[in-house]
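Residue-level listing of the chains:
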Amino acid sequence: MAQVSSIADEQSSQSITLRIARYNPEKDNERRFMEFNVPYEKWTTVLEAILDVKKHFDHSVAVRYSCRQATCGSCGMIINGKPRLACFTKISELDSNVVTVEPMNNFPIIRDLAVKFERLFDTHHKIKPYLDRDDTELTSDAKEFMQSPEELEQYIQFANCIKCGLCNSACPTMATDSSFVGPQALAQAYRYVADSRDKGKDSRLKIIDDSHGIWRCHFAGSCSQVCPKGVDPAMGIQLLRGYMLGFRS
Amino acid sequence: MTQDEHKEGIKGMVNPSRYGIERVAYWLMRLSGLGLLAYFIGHIYETSNILRGRVGWNEFLELTQTTEGHILLAIVIAMCVFHTVNGIRVMLGHGGVGVGKPARPDYPYDPASQNYRHKIGIYSAIILAAIAMMYGLAVMFGE
């Protein structure tokens, strides 16, 4: 069932049809789409269009967002078939008169566009996302852990991850394997393995050396193509596999 | 897949249209792998006909000398070449070879792992498979 509503602004010269997926697991048997005619300017983002709909027509549309500047990683969704951040995607970039927004694939739906992140955070936590070493730099007589710019370059790209889940949503293995660790966690495993201050490489590699771990990645590269922060999880995973195969030390 | 899990499923996994040539290569790799597996099973069945003696063997072998048999073998040649060449590319990538070096990313964040080396590898696999298939067709139909 589709509903068409119009909030076209007299001052705006352009408008699109925004199709929003609606689904409440507690009430609905299947997903349906509601359609809204929304005005936009060349700088209008998909998130702003959704918030326009909430403000003017249907405040019950469920969407998670916070920073509106691609920093918090909250507003990931499928926009015209591809995982994207709604706050980082301009309507004018999509080159379409119809913009369809759906919840991210491979994440359980809470309602409408909001999905559960528990599993993403669980797998992230599983790979020990912290410096693993016995000593500390926090005691008064200890020296800080020194690191050269070259050593920093080895992992800083992967430290940009905002845990938005877009990579897990695009991954073809995640599409069929509920137990797969996922590109987000594997890229973060590389981030800590490559950090010269970390001493937990062996234990971290042991965690991902599993039939549903790193060996399930087939280098399709879709994770890297959708990452809004340039993390390139596919590169991290292959470099990490290089450690496991003995090509890197 | 249940709606609770909201997995994209096989349909999403095999959809090659959204993520560039790398996802097309991923899809072709699976398709050619399954095709070669099916051919391998068929090949074992075919060669087992030798147990029926020379006449039985020749009778079965004639099935491959038809137009359909030639086309099937040409497709097998293409699958074999693509799977081999792309497999070498993927294996090198899995070892961290040719996937780029970590560096601070600049907008618009073109992923270094999807670099021209791998794209050349994918296009080479497709072109070599097409050439091998055409050569096979020329040999089989040129008799």
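Residues numbered from 1 in each chain as written. Chains lettered and ligands numbered in written order. Predicted model: local features only at pLDDT ≥ 70, side-chain atom pairs only at ≥ 80, totals over all residues.

Caption draft 1: Local environment of the overall build of chain B. The helix and strand tally for chain B stands at five helices and zero strands. Taken from N to C terminus, the helices and strands of chain B fall in the order α-α-α-α-α. Against the compact-globule benchmark of 15 Å for 143 residues, chain B has a radius of gyration of 20 Å, which places it well outside the compact range. With the C-alpha coordinates of chain B rotated into their principal frame, the extents come out at 70 × 40 × 25 Å. Going through the 143 residues of chain B one by one, you find that 25% of them count as buried. (Helix = DSSP H or I, 4+ residues; strand = E, 2+ residues; numbered from the N terminus. Rg over C-alpha atoms; globule rule 2.2 N^0.38 Å. Buried ≥ 20, exposed ≤ 12 C-beta atoms within 10 Å, placed from the backbone.)

Caption draft 2: View of the overall build of chain A. Of regular secondary structure, chain A possesses eight helices and eight strands. On the principal axes, the C-alpha backbone points of chain A span a range of 65 × 35 × 30 Å. Counting every position in chain A, which comprises 249 residues, the buried fraction comes to 43%. Taking all contacts inside chain A whose residues are at least 6 apart in sequence as the whole, residues at least 24 apart take part in 68%. (Contact = placed C-beta atoms within 7 Å.)

Caption draft 3: A look at helix 8 (residues 233-244) of chain A. Taking 1.5 Å as the rise per residue, helix 8 of chain A with twelve residues should run 16 Å; its terminal C-alpha atoms sit 16 Å apart, in good agreement. Buried residues of helix 8 of chain A: Pro-233, Ala-234, Met-235, Gly-236, Ile-237, Gln-238, Leu-239, Leu-240, Arg-241 and Tyr-243 of chain A, and no others. If you follow the buried residues of helix 8 of chain A, they end up packed against helix 4 (166-170), helix 5 (183-193), helix 6 (201-208) and helix 7 (222-226) of chain A together with helix 4 (67-94) of chain B. Of the residues one or two after helix 8 of chain A, Gly-246 of chain A is the one with positive phi, at around 85 degrees. (Expected span 1.5 Å × (residues − 1).)

Caption draft 4: A look at the nonpolar core. With 85 residues, the main nonpolar core has Ile-50, Leu-186 and Tyr-190 of chain A as its most contacted residues. Not counting the four nearest positions on each side in its chain, Leu-186 of chain A is found in contact with Val-181, Ile-208, Ile-214, Cys-217, Pro-233, Gly-236, Ile-237 and Leu-240 of chain A. (Core = buried A, V, L, I, M, F, W, Y, C linked by C-beta atoms within 7 Å.)

Caption draft 5: Main features of the interface of chain A and chain B. At the junction of the two partners, chain A supplies 39 residues and chain B supplies 32 residues. Secondary-structure elements contributing two or more residues to the side of chain A that touches chain B are helix 7 and helix 8 of chain A. Here the side of chain A that touches chain B gets six residues from one element, more than from any other, and that element is helix 8 of chain A. The residue makeup of the side of chain A that touches chain B, split by class, is 18 nonpolar, 16 polar and five charged. (Nonpolar A, V, L, I, M, F, W, Y, C, P; charged D, E, K, R; others polar.)

Caption draft 6: Region of interest: helix 5 (residues 116-141) of chain B. Residues and elements named next belong to chain B. For helix 5, which comprises 26 residues, the first-to-last C-alpha distance of 37 Å matches the rise-based estimate of 38 Å (1.5 Å per residue) to within 8%. Every buried residue of helix 5 is listed here: His-118, Ile-122, Ala-125, Ala-129, Met-133 and Gly-136. Its buried side turned inward, helix 5 meets helix 2 (20-47) and helix 4.

Caption draft 7: Structural view of the environment of Glu-62 of chain B. Residue and element names in this part refer to chain B. Positionally, Glu-62 belongs in helix 3 (residues 53-62). Taking the number of C-beta atoms within 10 Å as the measure of exposure, Glu-62 has 10 and is therefore exposed. For the pair Glu-62 and Leu-31, spaced 31 residues apart in sequence, the C-alpha separation works out to 27 Å.

Caption draft 8: Quick peek at unusual backbone geometry. The amide bond that connects Tyr-107 of chain B to the next residue, Pro-108 of chain B, takes the cis arrangement and shows omega of 10 degrees. Relative to the elements of secondary structure, Pro-108 of chain B occurs in the loop between helix 4 and helix 5. Despite not being glycine, Asn-106 of chain A shows a phi value in the positive range, around 70 degrees. In this model, His-6 of chain B sits at a positive phi of 55 degrees, which is unusual for a non-glycine residue. By secondary structure assignment, the location of His-6 of chain B is in the segment before helix 1 (9-13).

Caption draft 9: Structural view of the environment of Gly-96 of chain B. Residues and elements named next belong to chain B. Looking at the element boundaries, Gly-96 is found in the loop between helix 4 and helix 5. Gly-96 sits in the buried class, given 22 other C-beta atoms within 10 Å. Note: C-alpha distance between Gly-96 and Tyr-39 (57 residues apart in sequence) is 32 Å.

Caption draft 10: Structural detail: the pairing of strand 2 (residues 14-22) of chain A. All names here are of chain A. Alignment of strand 2 against strand 3 (residues 32-40), held across nine bridges, turns out to be antiparallel. Residue Thr-17 lies in a different strand from strand 3, and its bridge partner there is Asn-37. Note: strand 2 against strand 6 (residues 98-102), four bridges, orientation parallel. Considered in strand 6, the bridge of Ile-20 is made with Val-101. (Pairing = 2+ DSSP bridges.)

Caption draft 11: Structural detail: the domain arrangement of chain A. Residue and element names in this part refer to chain A. Domains assigned within chain A are domain 1 (4-115) and domain 2 (118-244). A separation of 30 Å is found between the C-alpha centroids of domain 1 and domain 2. The residue inventory of the side of domain 1 that touches domain 2, partitioned by class, reads seven nonpolar, five polar and two charged. (Domains from an automatic or database assignment.)

Caption draft 12: Seen up close, the packing of helix 2 of chain B against helix 4 of chain B. Residues and elements named next belong to chain B. Running from N to C, helix 2 and helix 4 cross one another at 125 degrees; their axes reach a closest spacing of 9 Å. Taken together, the axes of helix 2 and helix 4 lie oblique to each other. Here helix 2 runs over helix 4; the crossing is left-handed. Packed against helix 2, whose contacting residues are Ala-25, Leu-28, Met-29, Ser-32, Gly-33, Gly-35, Leu-36 and Tyr-39, the element helix 4 presents Val-76, Met-79, Cys-80, Phe-82, His-83 and Asn-86 at the interface. Taken together, the residues of the contact of helix 2 with helix 4 break down into nine nonpolar, five polar and no charged. (Axes fitted to C-alpha atoms, helices over the stretch in contact; angles between N-to-C directions. Parallel < 35°, antiparallel > 145°, perpendicular 65-115°, else oblique. Left-handed = near helix turned anticlockwise from the far one by under 90°.)

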